[in-house]
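# Reading the structure
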Amino acid sequence: MFGDYDSFTENSILAQVDDLEQKYMQLPEQGKNATDFATEDLCSESIKNKLSVIHVNDSTEYETGEQTENQTRLGDIHAEPGDEPLYDVPSSQALYFENLQNSSNGSGHQSTKEKDRSSCSHTNEELPDNQIKQPQPNNELSSEVQTSSERNRRKSIKDYLKSAMTGNAKAQTPVFSRNKQLKEALLSEEINVAKETIESSSDDLGPFYSLPSKVRDLYVQFKGIETLYEWQHTCLTLSCVQERKNLIYSLPTSGGKTLVAEILMLQELLCRRKDVLMILPYVAIVQEKISGLSSFGIELGFFVEEYAGSKGRFPPTKRREKKSIYIATIEKAHSLVNSLIETGRISSLGLVVVDELHMIGEGSRGAILEMTLAKILYTSKTTQIIGMSATLNNVQDLQEFLQAEYYSSQFRPVELKEYLKINHTIYEVDSKAETGMTFSRLLQCKYSDALKKMDPDHLVALVTEVIPSYSCLVFCPSKKNCENVAEMLCKFLNKEYLKHREKEKCELIKNLRSISGGHLCPVLKRTVPFGVAYHHGGLTSEERKLLEEAYYAGTLCLFTCTSTLAAGVNLPARRVILRAPYVAKEFLKRSQYKQMIGRAGRAGIDTVGESILILQEKDKQKVLELISRPLENCYSHLVQEFNKGIQTLFLSLIGLKIATNLDDIYRFMNGTFFGVQQKILLKEKSLWEITVESLRYLTEKGLLQKSPILESEEELQCNFHITKLGKASFKGTIDLAYCDILYRDLKKGLEGLVLENLLHLIYLTTPYDLVSQCDPDWMIYFRQISQLSPAEQNVSTLLGVSESYIAKKASGQATRKKVDKGVVNRLYLSFVLYALLKETNIWSVSEKFNLPRGSIQNLLTGAASFSSCVLHFCEELEEFWVYRALLVELTKKLTYCVKAELIPLMEVTGVLEGRAKQLYSAGYRSLMHLANADPDVLIRTIDHLSRRQARQIVSSAKMLLQEKAEALKEEAEELLRAPADIPSTKA
């Protein structure tokens, strides 16, 4: 009944008070005067030690009553007028002490009253010596105190405690001042958090950066990390981190930034019992991080949830016990934050971690990231933001925007040496040299005339200095160049390279063929036996995953790749070679260069890392400027692309009721990254003018409505309201350029929706932004449209695209009939998706439409994501109720694009179609099978599965199963919980 005070054992407070009373009763009568003071002090000290409030500081360290004893001294405290020492005592105990004081007041002596109050008050700060007086003998008081003690002895202290506690359990809390109630509420909340933390961590809280020692053991077990770098320790123990201030930290690539973020996230989950959001730039990195953290979640009791592509629940499941870490892409993180604000749960988010923070300055995705962080800063003062990047320059602007501290270091676990190659000469980059470089060596290589012609840049000589004993990355300007370079290298490599890990490479080729339904890329077929492969967006997800795993294992020793690998998954190498100082046709940026060369040097494997930039004499001056200049500044993109970003932001601000009038919206804008940089970015118009224009545009477009202005109101205070179309657009995260077109297409679709097949629904969910990039092959188009069934032809007829029109386009004839080019191109992409869903084989569809298989997979991923957006759009518009159930199933089909029986297996992070087929054939038919699988059995049963992969699959399956079980449990408890608004008997 009384929590920690309901025990009547020998250690309980009541038992100790009883002992004290017995000792008191046994004292000689003549010593009563002195004993009264001693016992009174002793009792109040004992009570205070038992009832003193546990102090919980920001790092969740706790002070016990014994520690508090050293900070509190007995005696008369001279209180200032208006002081209320009982403020620091819970109201249930304050009632007892007030009663005790009232009984003492009967003697009429103020000194006794002050003594009672001072002995029972609790303070977290040690009182100055000059404010403390030791009790002085007072003969005049002795007789009265003796009389008081004789009277009080008839009703023992134990009776007081028992009656007070029983009375407090039944009675309402006494009314105290507002200040007292606020303090008590805060203390009560802190105590509850402390208790929950202690219970969840089994008293093992604190040895490892305020985390249980088990966390340190798990890092050793799962990642082989035994000690932290010095900079990591320094960063984790910064005062600003301890005080939970926002932080930006910057280190070179491979410096170990992620580990610091992970420890901070675990502190938030386990110690402060708050949810965490981690924002990552790409889907592949999200999935990699989920696989890595799932094992920790299983062991430490938290959930790891994926928000990428079409995955993620809005709002997220509300959990009362276990907390969650949301791993999200930039777009999904924005939707997640919107849903938390809308449901009033944004304060449940204790920490937000942003990887690659410099992306805030990159196009439309940067604008979305800025919106997300600005909303968090504006709506939740308790959410901490941590940003990290290897390529930051104008940190002051970001600090001002995020209200953050800054920490940086140049630490690299492996030394990086930068080189430039011009013709046969290799120079080392040296910032101290006058020219920025110093001579290093001449490249010694014996080239035949044929080899000189095929390899003028001496790539063969450069790579053979390191492979196959060490790994190498060759960055190329384009996808096609990657494939050409890989083939050229293998053409001139020694045949001895074929013998290196020959068995593993044969297994890799066999597995590549298996996951592709018997197909194998002819380029990979020629290069993999030499330990070489290309890596770019043209690969399927299954191929890319297999090749990356083979590179990790050392089966492959060289990748020819595009710049996207530098910003993607972590694939370090001994030597990094930049084929040219260009990305596509654009000259290399400093940030891109730093990211690429940052892949050189593998911690724990290499003692040094090398980067070699190959350049022509004509580019020498530009390259010297590149390596010496500072990193590029990052600038806000909220007002880029015809103010599209700022309009989207305003729509969501009003829809979420964050800011609903011109004055509030303008104030919000001043707190954004754009607001910080407005003097630099705005030349022609002011921020105020842009705000007014954007609101006017949204109103004219029918997405906002302006409330009538009352006579007493000013224009600034006039409120805006979001319309149904506006709400649907922001809930579905639909690009404002397409929201009108989408509404019109869905409305027209209702007039003759074809449900005999999926073609019409697929057309409605084909992404608009990919249509402009489509260039149909008219002969293939004609072949496809001529093979349609009557039901499928109904769709093309409904859209106004006839077979005769396509036939004329295919033959090059002029067409009199005008057909919307956007509709024609969109239908062509719909045919690709439709064929893919029917055949579920990217290779056959790639051949049928003469499209790269990677492009087809990107189209599929985009369609799945857009289908999810259209679903949320339709949920807000009653007239589109018919689409809701249809789009749920279509989204699932587009997300997995496999037979129905494989979908439960593919819900597990890291399990793609090829692996799902292997697991299904081996008898693992459901999520339960995988969650209860033995990794050792999996390794023996499934071909080409490493121990690390097996453990990740089992951990991810367990995590997913626990999430589903917890959700069902929460739902059941909610159903059984009595409603709070049940009519009472009196009513």
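Everything discussed here concerns the structure shown above.
Residues numbered from 1 in each chain as written. Predicted model: local features only at pLDDT ≥ 70, side-chain atom pairs only at ≥ 80, totals over all residues. Heavy atoms only, no water.

The next thing to look at is the sheet that holds strand E11 (residues 404-408). Strands sit in the order E7-E8-E6-E9-E10-E5-E11 across an open sheet of seven strands; the sheet is parallel. Each end of this open sheet is capped by a strand with a single partner; those strands are strand E7 (303-307) and E11. Between one strand axis and the next, the sheet turns by 15° as a mean value, whatever way the strands run. Bridge count for strand E5 (residues 246-250) against strand E10 (residues 384-389) is four bridges, and the pairing is parallel. (Pairing = 2+ DSSP bridges. Helix = DSSP H or I, 4+ residues; strand = E, 2+ residues; numbered from the N terminus. Axes fitted to C-alpha atoms, helices over the stretch in contact; angles between N-to-C directions.)

This part covers helix H9 (residues 213-223). Along H9, the residues that are buried comprise Ser213, Val215, Leu218 and Tyr219. In this structure, the buried residues of H9 make contact with helix H12 (257-271) and helix H13 (283-300). Where H9 ends, the next residue or the one after it, Gly224, has phi of about 70°, a positive value. (Buried < 20%, exposed > 50% of the residue type's maximum accessible area, 1.4 Å probe, protein only. Contact = heavy atoms within 4.5 Å.)

Before going further, it helps to examine the packing of aromatic side chains. Throughout the structure, instances matching the rule amount to 22 aromatic pairs. Seen in terms of ring centroids, Phe208 and Tyr209 are 5.2 Å apart; in terms of plane orientation they differ by 75°. Their pairing is edge-to-face. Ring geometry for Tyr582 and Phe587: centres 5.4 Å apart, planes at 90°, overall edge-to-face. Over the face of the ring belonging to Tyr920 we find Arg925, whose NZ or CZ atom lies 4.3 Å from the ring centre. Its end group placed over the ring of Tyr552, Arg948 keeps NZ or CZ at 5.5 Å from the ring centre. (Phe/Tyr/Trp six-rings, centres within 6.5 Å; stacked < 30°, edge-to-face > 60°. Lys NZ or Arg CZ within 6 Å of the ring centre and 35° of its normal.)

Attention shifts here to the side chain of Arg319. Mapped onto the elements, Arg319 comes out in the loop between E7 and strand E8 (324-329). One polar contact links Arg319 to Ser324, side chain to side chain, over a distance of 3.3 Å. The contacts of Arg319, once residues within four sequence positions are left out, are Phe303, Glu305, Ser324, Glu963, Glu966, Ala967 and Glu970. (Polar contact = N/O pair within 3.5 Å; in protein donor to acceptor, adjacent residues only side chain to side chain.)

Moving on, we come to the pairing of E5. In terms of burial, E5 is largely enclosed, as five of its five residues are buried. Here five bridges tie E5 to E11, and the two strands are oriented parallel to one another. When the sheet's bridge partners are listed, Ile248 is paired in E11 with Tyr406.

Before going further, it helps to spend a moment on the sheet that holds strand E13 (residues 425-429). Spatial ordering of the open sheet is given by E14-E13-E12-E21-E18-E15-E17-E16, a layout of eight strands whose pairing is mixed. The sheet is open, and its two borders are formed by strand E14 (437-442) and strand E16 (532-535), each paired with just one other strand. With direction set aside, neighbouring strand axes in the sheet form an average angle of 25°. In the sheet, strand E18 (residues 575-578) pairs with strand E21 (residues 608-615) via four bridges, with the strands oriented parallel. Considered in E21, the bridge of Arg575 is made with Glu610.

Where H9 meets H13, the axes come as close as 11 Å, and the angle between the chain directions of the two elements is 145°. When the axes of H9 and H13 are compared, the crossing they make is right-handed. For the pair formed by H9 and H13, the contact residues are Lys214, Val215, Leu218, Tyr219, Phe222 and Lys223 on the first element and Ser295, Phe296, Glu299 and Leu300 on the second. Taken together, the residues of the contact of H9 with H13 sort by class into six nonpolar, one polar and three charged. (Left-handed = near helix turned anticlockwise from the far one by under 90°. Nonpolar A, V, L, I, M, F, W, Y, C, P; charged D, E, K, R; others polar.)

Put simply, Phe314 and Pro315 share a cis peptide bond, and its omega is -10°. Among the secondary structure elements, Pro315 is positioned in the loop between E7 and E8. Here the amide bond leading from Ile467 into Pro468 is cis, since omega sits at 0°, within 30 degrees of zero. If you trace the backbone, Pro468 turns up in the loop between helix H18 (459-464) and strand E15 (472-475). Of note in the backbone geometry, His458 takes a positive phi value of approximately 60° without being a glycine. Of note, the phi angle at Thr733 is positive, near 50°, even though the residue is not glycine. Turning to its location among the elements, Thr733 is positioned in the loop between helix H31 (724-731) and helix H32 (739-751). Take Thr733: its relative accessible area is 36%, and that puts it in the partly exposed class.

Bringing the pairing of strand E6 (residues 275-280) into the picture now. Taking burial as the measure, the six residues of E6 include six buried ones, the bulk of the element. Side chains Asp275, Leu277 and Ile279 project from E6 onto one buried face, and the interleaved Val276, Met278 and Leu280 project onto a second face that is buried too. Where E6 and strand E9 (residues 349-355) come together, five bridges link them in parallel fashion. When the bridges of E9 are listed, Met278 appears paired with Val353. Two strands pair when backbone bridges link them, and E6 and E8 are joined in this way by five bridges, in the parallel orientation.

Estimates place the volume of the second largest pocket at around 1300 Å³. What lines the second largest pocket is a set of 39 residues, among which Lys311, Gly312, Arg313, Leu960 and Lys964 lie closest to the centre. Secondary structure elements with two or more residues in the lining of the second largest pocket: H13, E7, helix H40 (853-875), helix H41 (881-896) and helix H46 (947-976). With ten residues, H46 is the largest single contributor of residues to the lining of the second largest pocket. Residue composition of the lining of the second largest pocket, grouped by class: twelve nonpolar, ten polar and 17 charged. Of the residues that make up the lining of the second largest pocket, three or more belong to each of domain 1 (213-408) and domain 4 (738-968). (1 Å grid on protein atoms, 1.4 Å probe; cavity = no way out; pocket = protein on both sides within 12 Å on 5 of 7 lines; lining within 4 Å. Points joined across faces, edges and corners; volume = space filled by probe spheres on them. Domains from an automatic or database assignment.)

Keep in mind these values describe shape, not function.
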